[in-house]
Each structure stands twice: as C-alpha cells, then as structure tokens.
Amino acid sequence: MRAVLMAGGSGTRLRPLTCDIPKPMVPILNRPISEHIVHLLKHHGINEIIATLYYLPDVMREYFRDGSDFGVKMTYAVEEDKPLGTAGCVKGIEALLTETFVVISGDSLTNLNLTEALAFHRARGSKATLVLTRVPDPMEFGVVITDDQGRITRFLEKPSTSEVFSDTVNTGTYILEPEVLKYLPEDTEVDFSKDLFPKLLAANEPMYGYVASDYWCDVGSLETYREAQYDALWGKLSLEMPYNQLEENVWVGEHTQIDPSASLEGPLLIGNNCRIGARARLGPGTILGDNVFIGEDADLKRPIIWNGAIIGEEANLRACTIARGARVGKRAQILEGAVIGSLTTISEEASISPEVRIWPCKKIEIGAHITMNVIWGTSAPRNLFAQRGVSGLANIELTPEFAVKLGAAFGATLKPGSQVQVSRDQRSMSRMISRSLVSGLMSVGVNVQNLEATAIPIARYVAPILEVDGGIHVRVHPEQNDQLLIEFFDSQGINLSKSREKKIESAYFKEDYRRARMDEIGQITYPSRALEFYEVGFVAHLDTAALRTSPGRVVIDYAYGVSGAVLPTLLGKMSFDAVVLNAALTPNAPPTGKQRDGLITQLGNVVEALQANFGVQIFANGERFILVDEAGFVIRDESLTALLAELVLAENPRSVIVIPAEVSSVIEQIAHRHDARVIRTKSNPTALMEAAAATSNVVLAGSAQIGFIFPQLHPGFDAMFAVARLIEMLAIQKRSLSQARQELPPIHHRHQTIHCPWSAKGALMRQLVESHSHDHLELLDGVKIHFMNGSWVLILPDAGEPLVHIYSNGISRDWVDRMARKYREIVQEFAREK
C-alpha cells in the first residue's frame with residue numbers, strides 16, 4: 001500500500017525556524033516531524049511513500065534518500081514551477097496511485113491508528129475518508145459534521161467564531177480511492193478541503209469521517225511546536241526514542257559526557273556527543289540535540305536546543321528555542337517563547353525578552369537587551385545612538401513601535417510635565433515616526449510642542465525661545481535615503497551629550513520608564529510663530545544693505561527640501577534677486593548620489609546661462625550645501641570648507657574657527673594669513689556644536705561634510721544662513737566666487753574608507769599607537785600620525801559601521817597618494833588577520 005506524504009510546506013508561521021529547512025523537517029525530540037510520520041506509516045504496514053515537495057526540496061531528499069535506512073521505499077514528486085495545492089500535487093502523481101492510498105500531512109505530530117481507519121474506510125465502502133479529531137478551539141481547522149454512520153454531511157474550512165458548528169476537525173489525513181482524482185483538473189492549484197471534498201459532497205459520493213481519539217497536534221505555530229515537544233517528552237504519545245534511558249525520564253545519547261556535578265531533573269532528553277559542564281542545571285522539559293555544548297553553571301529550564309548549538313557559562317535559558325549551530329554567550333539570558341535562528345550569535349550578557357524572534361545568521365552584541373524581533377541586517381546593536389543620533393532602515397529597523405518606546409525612553413529621562421519640541425522633514429515616513437515619538441513622550445507625562453514639517457536649523461534656533469527641555473527631529477538620512485535619522489537636542493538646540501544619550505539607551509533597553517496616569521498624560525500644542533522667530537534672528541545678523549545692493553543674482557537649488565519653503569521668502573524680503581530651482585516640497589525620498597549630481601549639473605548649466613554670480617544646492621534638511629561658481633565649477637568638500645574659512649576670516653581677523661580633526665591643514669594656513677586661531681574637535685556634530693557654543697570669539701565652525709555653524713545666530717548647522725552670509729561677504733569684499741577660490745592655498749587631501757570588523761578596531765588602533773613614535777602621534781580622535789612639513793595621516797574608526805576612515809594630508813599629491821596606499825594596506829592586512 002502507498003501513502004502520499006505532504007511535505008511541501010514552508011512553515012511561514014514557524015519563522016525563523018523554517019528559514020533554511022522545510023516545516024516537515026523541523027525536529028521533535030531530535031528527529032524531523034516527517035520521520036515520525038514515516039515510522040507511523042511503517043508501523044501500520046505502509047512501506048511505499050511518495051513525498052510531495054516544494055519548499056527547499058533537497059533538504060528532505062538528502063535526509064531520507066531512498067528510504068532504505070528507515071525500512072521503507074521513498075520516492076519524491078517536486079512541484080518545480082509553482083505550488084499546486086494539497087490536492088493538485090496528488091493529481092500530478094495520479095498514474096502512481098492505482099489502489100487505495102493514504103494522504104498524510106508531514107507537519108503534524110500524531111499516533112493515529114491508521115489500521116483502524118483503513119478498516120473503517122473499507123467497511124463503509126467509502127470513496128474518501130477524512131480522519132477527524134476533536135479540539136477545544138476549531139477555528140484554525142476545517143470543521144466537519146457527520147451523521148450516525150459517520151457519513152459527512154457538512155464541512156467548513158477554518159470558520160469564524162459565528163460559523164463554528166462543531167468541534168470535530170479535519171486532521172489533514174485522508175484515505176482515498178484513486179477514482180476521486182478524476183474530479184480534479186490537471187496542472188492547477190487545487191485543495192482537498194476547498195475544491196475536491198465539496199465536489200464529492202455535491203456529487204453524493206460516499207465520503208466518511210473517521211473520528212480518532214489518538215493524539216494529534218498540528219505544528220502550525222511556534223507555540224504549538226513547543227507544546228508538541230513537551231507532549232512527546234512527557235509521554236502523551238509514543239515516539240521512537242533512539243537514546244538510552246540513564247535514569248527515570250532521563251534519556252541520553254551515545255558519547256555524551258556529563259560532568260558529575262551537573263544536575264539533571266527529568267523528563268529531559270540529551271542527544272549524542274553532547275558535553276554538559278560542571279554545575280550545569282538541566283530542569284524538566286529540557287531537550288538537547290546532538291553535538292550540543294552546555295557551559296559550566298548554565299541554568300536551563302525547558303529550552304529546546306537543536307543540533308550543534310553552544311551554550312556559554314552561566315547562561316540562563318527559559319522555555320526558548322535555539323536553532324541549529326546558534327551560540328549563546330556567557331551569562332546571556334533568553335526568556336520564555338524566544339526563538340533564536342540558526343547560526344545566530346547571542347553575545348555575552350545579552351538578554352532576549354519573551355516571545356522575541358531572532359532570524360538566522362544574526363549577531364546580538366555584548367550586553368544588548370533585545371525586546372523586538374531582529375529580522376533584517378546582520379546584527380542587533382548594544383547602542384541605539386551612533387555618531388549622529390539614532391538611524392536605521394525606514395519601517396524595518398525604525399518602525400512605529402520602536403519609535404513609541406524611544407520617545408518614552410527620552411521622556412523618562414525628563415521630569416513629568418517637561419516640554420519637548422518635535423519636528424521633521426516633509427517625508428511621509430518621517431511624519432509617521434514623529435507621531436509615534438509624540439505618543440511615547442505623552443505616555444510618560446511629557447508635553448509636546450509639535451513644529452511638524454520644519455527645517456532643522458529653525459527647530460534648533462527656536463528651542464530656547466520656546467523654553468523647551470529638549471527636542472527631537474526626524475528626517476531622511478542625508479547620506480542614505482532608505483534610512484531615517486532621529487536627532488535629539490537639548491534646551492539650547494545642541495545635540496545631546498554622550499552621557500545623556502546613555503541615559504536614554506539605559507531607559508530603552510531596561511524598559512525603565514514610568515507610565516503616566518490618565519490625568520497626567522502629556523498635552524500636545526502646535527506653535528505657530530517658529531518661522532517668524534527665525535526670520536527675526538536671521539535678518540538681525542545680516543547686513544541687509546549689502547544684500548540689497550549686491551550686484552547680479554544667485555541660483556539656489558533646494559533639492560525638494562523643506563528649506564525651499566523658507567529661504568526664498570527670507571531673501572525676497574531683503575529684495576535680493578534669487579532664481580529658485582526644485583523648491584517644491586515632495587513626500588518622496590530626497591535625491592542622493594547620482595540624482596543629486598544630476599541636479600548639480602543642471603544648476604551649473606542654469607548659472608552659466610543666466611550669467612549668475614554663483615549657484616548653490618541646499619540639502620540635508622537645510623544643514624549642508626554645495627556651490628557652483630560663475631564658470632560652472634563645482635566647489636565642495638575640502639575646497640568648500642577652505643573657501644568659507646577664507647571669506648569669514650577675511651571679514652573677522654584675529655578670531656577663532658572650529659573644525660573637525662579630519663579637515664585639511666590648509667585651514668591653518670588660511671588662519672595664519674588672518675592672524676586667527678584654529679581649534680580642532682572630534683569628528684562628530686555634538687563636539688563641534690559644544691565647542692562653538694563654549695568658546696569665545698568663534699566666527700565659524702564645522703566643515704562641508706557635516707555642515708557650518710555661525711554661532712552668532714544659533715549653535716546648529718545652517719545652510720540657509722550660510723548662503724545669505726556668503727552673498728553678504730562677497731558683496732562687502734567685492735570678490736567673485738571664482739576669485740576667492742583661486743586665492744586659496746593648494747589642497748592635497750584624500751579620504752578613503754576601508755572595511756574593518758568591529759572586533760578588530762580596538763586592536764588596530766593599539767597597533768598603530770605602538771608602531772609609531774609618541775612624539776608624532778595625536779589622539780584627539782582616532783590616531784593621527786604627523787610627518788614633516790605639516791603632513792599627516794588620520795586613521796579614524798567609523799562610529800556606526802564596521803569601517804575605518806583614512807585621511808591623508810600633505811604638501812604634494814604624490815605624497816598623499818603614497819601614504820594613502822601604505823595605510824590602506826596596513827588596515828586591510830590587519831583586518832584579514834582578524
């Protein structure tokens with residue numbers, strides 16, 4: 001007799017366990033579900049099995065092969081092009097089914113008495129017999145009603161609550177006569193319950209239901225998967241247990257070593273070739289696969305651990321599932337219902353909250369506390385904040401539920417009743433996330449002043465005017481338009497210090513935030529005069545007469561950003577002639593990369609056609625810009641930083657300029673011309689803002705790569721004010737942009753980015769320090785190595801990515817290129833060794 005084993009399921013509801021194996025190959029007591037079904041069929045005299053496969057078919061074929069190792073004959077039918085449904089795939093092998101046959105699901109755990117079911121089928125003269133069982137909650141299954149003789153009179157597939165008319169359900173096991181397959185079309189996706197059985201009922205074919213009292217469990221979810229494991233371990237059904245019984249209810253495989261001081265309390269199962277460390281505690285319900293290592297003092301209660309997993313010392317596992325080859329570090333904690341995908345690493349002292357699912361091949365960092373599923377990317381960070389705020393993939397890593405918790409964590413670091421302003425760019429995704437942040441803030445009793453779509457320079461400027469205790473701004477990341485960036489700032493509009501960021505992280509990961517009572521929920525208001533306040537300060541810090549009398553015109557490309565709704569109005573009020581490009585607001589992602597380069601080419605063409613003084617493109621939500629001079633020459637990066645330094649210091653000699661560590665030394669040469677002083681800071685926005693605010697006589701801070709600060713207006717980056725100041729300075733100094741550019745000292749500076757694993761960064765920095773004379777080193781940020789004539793090389797680890805930045809600065813292009821090659825090779829060789 002033959003049986004058809006339905007084994008094509010992908011097991012979507014069992015993700016992440018079924019990411020790399022089909023659902024019928026998921027283990028129960030260290031053997032695939034389908035192997036238990038094969039043993040059941042063999043036990044009832046069914047020795048020829050045809051397995052229908054679709055999802056990852058090779059996994060099952062390589063495991064069972066021809067079936068001889070299991071005492072049966074196995075053949076396979078693979079749905080190559082498309083899924084054909086439960087009945088369609090059986091129709092495809094109709095030629096092999098010439099007598100009564102059994103169809104059985106490969107992803108249900110059961111000990112059905114098939115011998116009795118077959119006898120029932122034959123005694124009734126049935127064309128199709130459905131094996132049924134009774135369950136407390138039938139809504140996930142096909143409900144069936146039979147008459148006194150067992151003939152089926154009605155059934156309904158997966159009813160709603162109001163449609164439930166019985167607790168007798170379809171188990172997915174059928175006994176069929178070959179002639180019923182004539183009711184099915186060929187090469188079409190059809191289902192037994194939805195297509196074949198209604199036709200048989202309508203044709204009055206004899207169709208019966210055999211109600212079984214045996215154990216049956218549809219392993220359709222992670223919860224029922226665990227239940228099936230525990231049911232089997234506690235003996236609710238009889239499964240073949242190919243292990244020796246060490247003591248009552250304790251089964252142990254061959255070549256397993258258990259330290260004498262380890263504590264074992266059954267029922268539990270330990271596979272072959274396992275190692276159980278000293279003082280480890282394995283409680284009832286623990287199931288270990290083959291080749292599992294359990295470290296000293298580990299505490300396990302009801303975990304299900306698949307083959308090849310490694311559990312570190314003092315790890316704490318509670319009713320979780322650990323898939324193949326996963327590693328759990330020392331003192332890590334994985335709580336009830338959590339699922340760790342195959343080949344994933346949970347680092348030391350990390351904590352996985354109940355019901356959290358980690359997809360395969362992820363790495364959870366040391367000490368991380370994970371409260372949400374980790375699906376995309378390769379790691380879950382210990383830190384929320386990178387070099388500049390919190391960033392991540394839009395609606396994948398930065399989701400509404402994440403933002404609610406983040407808003408609550410920020411609010412928890414403030415006093416109840418505090419005021420926080422929230423602003424964003426005009427993108428739809430930013431609107432969604434900002435609303436979630438607002439909800440989180442209000443839930444902990446913090447009041448919100450919602451500025452809605454506002455350029456970030458305006459948001460920073462009005463923070464002290466609105467007397468808020470802090471602010472949040474949401475925008476598309478200036479460098480990666482598939483990511484969002486959430487920035488936090490203090491009452492003065494300056495990015496939060498690292499210590500305050502750590503407090504937010506601590507509240508987030510520990511979920512340590514208060515819940516306001518209903519009468520304490522925060523209020524939300526919508527300030528209407530933010531732009532008016534900014535306009536007053538903007539105009540007050542400019543020589544409006546110089547702007548009004550400035551000859552010529554400027555072309556401004558707003559790159560579809562929020563600043564396009566602001567700056568044209570401000571310049572128009574000062575009667576300045578500006579030609580505007582791409583000022584329309586759009587909810588789409590801002591242009592980046594080649595798109596922005598295309599807009600710059602367009603800008604250069606318009607500048608030349610109109611014979612304008614210069615062109616400027618503003619981007620990054622009003623923080624950064626690129627210039628095009630009257631000849632169409634693009635001025636960006638180091639040249640732009642040097643140009644702005646020259647113009648500002650020419651107007652303000654003997655003043656101070658603040659720049660990040662990686663900027664070219666040409667700034668020192670320009671400062672020397674004007675008897676000015678240069679202060680270098682760490683390469684991050686917060687350091688620049690703090691230095692600009694705390695140091696007297698600062699007239700300019702920043703760089704082209706980060707943005708420029710004019711502290712007399714506010715301590716944030718502001719491209720809109722920078723453009724107005726540029727027009728003003730060129731008019732007062734009677735210089736053209738190309739003249740100012742040509743008067744700059746030659747710049748020989750190069751930046752390159754090299755991949756370097758996180759684990760290698762610290763050792764790389766140590767090696768660089770140890771391999772160079774301390775007299776030539778500067779450790780302000782990264783490792784800067786000084787050479788003759790003011791030349792240097794800076795090796796700077798990236799704060800948010802597994803990258804290292806190499807900056808080379810010298811007196812000639814050849815020297816810069818030579819040093820760039822040398823240190824690139826040093827970093828690459830070091831990364832390979834690690």
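Higher on the page you've got the structure.
Residues numbered from 1 in each chain as written. Predicted model: local features only at pLDDT ≥ 70, side-chain atom pairs only at ≥ 80, totals over all residues. Heavy atoms only, no water.

Draft legend 1. Just the overall build of the chain, in detail. Along its length, the chain carries 21 helices and 56 strands. Relative to its full complement of 834 residues, the chain shows a buried share of 57%. Taking contacts inside the chain between residues at least 6 apart in sequence as the whole, the part at least 24 apart equals 59%. When the accessible surface of the chain is split by element, carbon and sulfur atoms take 48% of a total near 34,100 Å². (Helix = DSSP H or I, 4+ residues; strand = E, 2+ residues; numbered from the N terminus. Buried < 20%, exposed > 50% of the residue type's maximum accessible area, 1.4 Å probe, protein only. Contact = heavy atoms within 4.5 Å. Areas by Shrake-Rupley, 256 points an atom, 1.4 Å probe, with all protein chains shown as cover.)

Draft legend 2. Geometry of the pairing of strand β11 (residues 168-176). Within β11, nine of the nine residues are buried, which leaves the element mostly enclosed by the surrounding structure. In the sheet, strand β6 (residues 101-105) pairs with β11 via three bridges, with the strands oriented antiparallel. Following the sheet pairing, Val102 is matched in β11 by Ile175. (Pairing = 2+ DSSP bridges.)

Draft legend 3. Structural detail: the sheet that holds strand β39 (residues 447-453). Read from one edge of the open sheet, six strands run β37-β41-β40-β38-β39-β42, paired in mixed fashion. Of all strands in the sheet, those bounded by a partner on one side alone are β37 (390-393) and β42 (524-525). By the bridge criterion, six bridges tie strand β40 (residues 470-476) to strand β41 (residues 483-489) in an arrangement that is antiparallel. Of the residues in β41, the one forming a bridge with Gly471 is Phe489.

Draft legend 4. A look at the packing of aromatic side chains. Summed over all chains, the structure comprises 19 aromatic pairs. Among the aromatic residues, ring-to-ring pairing joins Tyr461, Tyr534, Phe538, Phe710 and Phe721 into one connected group. Between Arg302 and the ring centre of Tyr230, over which it is positioned, the NZ or CZ distance is 4.1 Å. A cation over a ring is seen here: Arg741 above Phe633, with NZ or CZ 4.0 Å from the ring centre. (Phe/Tyr/Trp six-rings, centres within 6.5 Å; stacked < 30°, edge-to-face > 60°. Lys NZ or Arg CZ within 6 Å of the ring centre and 35° of its normal.)

Draft legend 5. Examining the nonpolar core more closely. Core analysis: the biggest nonpolar cluster contains 65 residues, and Leu567, Phe625 and Leu627 have the highest contact counts within it. Beyond its immediate sequence surroundings of up to four residues, Leu627 is in contact with Phe614, Gly615, Val616, Phe633, Val634, Ile635, Leu640, Leu643, Leu726 and Leu737. (Core = buried A, V, L, I, M, F, W, Y, C linked by side-chain atoms within 4.5 Å.)

Draft legend 6. Representation of the sheet that holds strand β32 (residues 351-352) within the structure. Here we have seven strands laid out as an open sheet, ordered β17-β20-β23-β26-β29-β32-β35, and parallel in their pairing. The strands lining the two open edges of the sheet, one partner per strand, are β17 (263-264) and β35 (369-370). Pairing analysis gives two bridges linking β17 to strand β20 (residues 281-282), with the strands arranged parallel. Bridged to Leu264 within β20 is Leu282.

Draft legend 7. Just helix α7 (residues 400-412), in detail. A rise of 1.5 Å per residue sets the reference length of α7, with its 13 residues, at 18 Å; its end C-alpha atoms lie 18 Å apart and thus fit the reference within 8%. Here α7 has its buried residues at Phe402, Ala403, Lys405, Leu406, Gly407, Ala408, Ala409, Phe410 and Gly411. The secondary structure elements touched by the buried residues of α7 are β37, β38 (419-424), α8 (428-443), β40, β41 and α10 (498-510). (Expected span 1.5 Å × (residues − 1).)

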